[in-house]
Amino acid sequence: MYICAGGENLKSVLQEIPVDSLKLDLENPRLYSNRIVKEESLLTDEQLHNAIVSETDAFNSLYRAIKRAGIRDPIWVKEDSDGKYVVIEGNRRTTVLRTLLEEDAEAPDGVSWTSVPAHVIDDSVSELEIKLQKVRLQSGKKAWGVVNDAAVVHEFHFQERMGIEDIADEMQISKPKVKKLLKSFKLYLEYVKSTGDTNEKRFAFFNEAPVKAIDWIEESPRNKSDYHNWISPVDGPAKIRAVAAGRGSLREFAKCLDTPEAVELLREDPDATVEDAFEVVKENDVLKDMTFLKRVLPMSKSLNEMDETQLSKLANEKRLVVHLRSLRNACEQVLNDIENMEEI
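Residues numbered from 1 in each chain as written. Predicted model: local features only at pLDDT ≥ 70, side-chain atom pairs only at ≥ 80, totals over all residues. Heavy atoms only, no water.

What is the right way to read the overall build of the protein from this model?
In terms of regular secondary structure, the protein is built from 17 helices and five strands. The buried share among the 344 residues of the protein stands at 40%. Taking all contacts inside the protein whose residues are at least 6 apart in sequence as the whole, residues at least 24 apart take part in 66%. Just so you have it, the protein exposes about 20,400 Å², and 50% of that area is on carbon and sulfur atoms. Here the protein carries 48 positive and 63 negative side-chain charges, and the mean point of each set is 4 Å from the other. (Helix = DSSP H or I, 4+ residues; strand = E, 2+ residues; numbered from the N terminus. Buried < 20%, exposed > 50% of the residue type's maximum accessible area, 1.4 Å probe, protein only. Contact = heavy atoms within 4.5 Å. Areas by Shrake-Rupley, 256 points an atom, 1.4 Å probe, with all protein chains shown as cover. Lys, Arg positive; Asp, Glu negative; His and termini not counted. Charge placed at Lys NZ, Arg CZ, Asp CG, Glu CD.)

If you want it as structure tokens, here you go:
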């Protein structure tokens, strides 16, 4: 049975909390992907602190802002069993305050680094509501990244048993996007399990893949296995080199799927790439419109391989010689027209 979660404000009290009484939120939604995909244990407070500081550009920007004017918006916390407070929203600001205290930085007038205004969540609030509040409060903050958004959707749907519509309401995204994130994350988890590759950049190969490519991947275990190998091969370069549009991209790959010869090339030739397969597609498209061109190469080969006896016989067939001259003139005209088009 799915839980329908509301979006009302949580019961809380605004207080001034000492910074040395704060504990970072080790179950922050930003970390869901690491826990689910990489099956990592929770970070320690120190590890998370260092990880936040290591996000140099983002951390330094926030550091300068807080050092100049202090904390403007209260953080959110929940009192823990040891009397300290777990930061529900505000890990990065808390880390900046700790850093300023460590550096013994001088605070501007009216600002203190030793305490911070905080909404202290009431003990009656459920863990699910606290999780949802973390998502609500994310609006306007530093982006989690789409893979973490997908991990949050996955967590709410499968662990908290929330329905699609409720997740959409709480995360302020459309129901189709929730469904897409769920499917993409499921395919990504299958990829991770199959290959052992936990690089989050691979998520885009599922989340941004055209519908035709996703349908093909799900069509059979062989297709899925091939796709995994083509985006992250054990040996050699990837056959599908890019997510965005362009040469060797997912979009070109999707266009190859209607041409069996192109897919077969990718499967049979270890050095073949999507660029090579797409050349087969383009060639087939021309041949579909002008089927007579299929005879050009065999005809050329046969003419080049004629022996003296065959040439002697042909020389006596005046009508065929006239046809060959007409063919030569037509070929020259077509080639001239193509050259002129390339110059324009």
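That shown, we press on.
Can you help me understand the pattern of salt bridges in this one?
Pairing is possible between side chains that carry opposite charge, provided their charged atoms lie close to one another. All told, the structure shown has 19 salt bridges when counted by the stated rule. The salt bridge partner of Lys183 is Glu218, with a shortest N-O separation of 3.3 Å. Residue Lys183 is located in helix α8 (residues 175-195), and its partner Glu218 is located in the loop between α10 (211-217) and α11 (221-231); the two are separated by 35 residues in the primary sequence. Overall, the relative accessible area of 38% leaves Lys183 in the partly exposed class. Through salt bridges with shared partners, one network takes in Arg247, Glu252, Glu279 and Lys282. (Salt bridge = Lys/Arg side-chain N within 4 Å of Asp/Glu carboxyl O.)

How should I be thinking about the nonpolar core in this particular structure?
For soluble globular proteins, the rule of thumb is that nonpolar side chains tend to be buried together. Phe185, Tyr188, Trp216, Tyr227, Ile240, Leu250 and Phe253 are the most contacted members of the largest nonpolar core, which has 50 residues in total. By residue number, the principal contributor to this core is α8, which donates eight residues. In this structure Phe253 touches Ala213, Trp216, Tyr227, Trp230, Ile240, Leu266 and Val274, once residues within four positions along its chain are discounted. Membership of the second largest hydrophobic core comes to 24 residues, among which are Tyr63, Tyr85, Leu100 and Ala118. (Core = buried A, V, L, I, M, F, W, Y, C linked by side-chain atoms within 4.5 Å.)

So what exactly am I meant to see when it comes to helix α6 (residues 146-159) here?
Residues spaced three or four apart along an α-helix point in a common direction, a consequence of the helix completing one turn every 3.6 residues. Between its first and last C-alpha atoms α6 spans 19 Å; for 14 residues at 1.5 Å apiece the expected length is 20 Å, and the two agree. Listed as buried for α6 are Val147, Asn148, Ala150, Ala151, Val152, Val153, His154, Glu155, Phe156 and His157. Once α6 ends, the next one or two residues include Arg161, with phi positive near 60°. (Expected span 1.5 Å × (residues − 1).)

Would you mind showing me how to read the packing of α6 against helix α7 (residues 164-171) here?
In a pair of packed helices, the angle between the axes and the distance between the axes together describe the arrangement. Packing of α6 against α7 leaves a shortest axis separation of 10 Å and a crossing angle of 135°. Looking at the two axes, α6 sits oblique to α7. Like other packed secondary-structure pairs, α6 and α7 cross with a definite hand, here right-handed. When α6 is examined against α7, the residues Asp149, Val152, Val153, Phe156 and His157 are found in contact with a partner set consisting of Ile164, Ile167 and Met171. Across the contact of α6 with α7, the residue classes break down as six nonpolar, one polar and one charged. (Axes fitted to C-alpha atoms, helices over the stretch in contact; angles between N-to-C directions. Parallel < 35°, antiparallel > 145°, perpendicular 65-115°, else oblique. Left-handed = near helix turned anticlockwise from the far one by under 90°. Nonpolar A, V, L, I, M, F, W, Y, C, P; charged D, E, K, R; others polar.)

Would you explain a nonpolar patch on the surface in this entry?
Residues Val286, Met290 and Phe292 make up a contiguous nonpolar surface patch of about 250 Å² in total accessible area. With respect to the helices, strands and loops of the structure, Met290 is situated in the loop between α14 (274-289) and α15 (296-304). Here Met290 falls in the partly exposed class, since its relative accessible area comes to 35%. (Patch = residues over 30% accessible without salt bridge, like charges linked within 9 Å, V, L, I, M, F, W, Y side chains within 5 Å.)

Can you walk me through the side chain of Lys134 in this structure?
Within the secondary structure, Lys134 is located in helix α5 (residues 127-136). Within polar-contact distance, the side chain of Lys134 engages the backbone oxygen of Glu27 at 3.4 Å. (Polar contact = N/O pair within 3.5 Å; in protein donor to acceptor, adjacent residues only side chain to side chain.)

Would you mind showing me how to read the sheet that holds strand β3 (residues 75-79) here?
Note on sheets: strands pair through backbone hydrogen bonds, and any given pair is parallel or antiparallel. The strand order across the open sheet built from five strands is β1-β5-β3-β4-β2, with neighbouring strands paired in mixed fashion. In this open sheet, the two strands that pair with only one neighbour each are β1 (12-18) and β2 (22-23). Across four bridges, β3 lies against strand β5 (residues 115-121) in parallel orientation. Its bridge partner being in β5, Ile75 is matched across the sheet by Ala118. Running over the sheet, helix α4 (residues 91-102) touches β2, β3, β4 (85-89) and β5 and is turned about 125° from β4. (Pairing = 2+ DSSP bridges.)

Even after reading the chapter, I still don't get the environment of Asn207, so can you show me in this structure?
With respect to the helices, strands and loops of the structure, Asn207 is situated in helix α9 (residues 204-207). The class for Asn207 is buried, based on a relative accessible area of 9%. Those residues in contact with Asn207, other than ones at most four positions away along the chain, are Val146, Lys180, Leu181 and Ser184. At 3.0 Å, the side chain of Asn207 forms a polar contact with the side chain of Ser184.

Would you mind showing me how to read the confidence of the model for the protein here?
Predicted coordinates in regions of low pLDDT should not be interpreted in detail. With 93% of its residues at a pLDDT of at least 70, the protein reaches an overall mean of 88. Predicted confidence for residues 1-8 stays below pLDDT 50, and this span has 24 contacts to residues more than four positions away or in other chains. (pLDDT = per-residue confidence, 0-100.)

I would appreciate a short explanation of the layout of surface pockets in the present structure.
With a probe scaled to a water molecule rolled over the atoms, the places where space remains empty come into view. Taken as a whole, the largest pocket encloses approximately 600 Å³ of empty space. Lining the largest pocket are 15 residues, and of these Phe292, Leu293, Val296, Leu327 and Cys331 lie nearest its centre. Going through the elements one at a time, α15 and α17 (318-343) are the ones with two or more residues in the lining of the largest pocket. Per-element accounting of the lining of the largest pocket gives the leading share, seven residues, to α17. Its residues assigned to classes, the lining of the largest pocket comprises 13 nonpolar, one polar and one charged. (1 Å grid on protein atoms, 1.4 Å probe; cavity = no way out; pocket = protein on both sides within 12 Å on 5 of 7 lines; lining within 4 Å. Points joined across faces, edges and corners; volume = space filled by probe spheres on them.)

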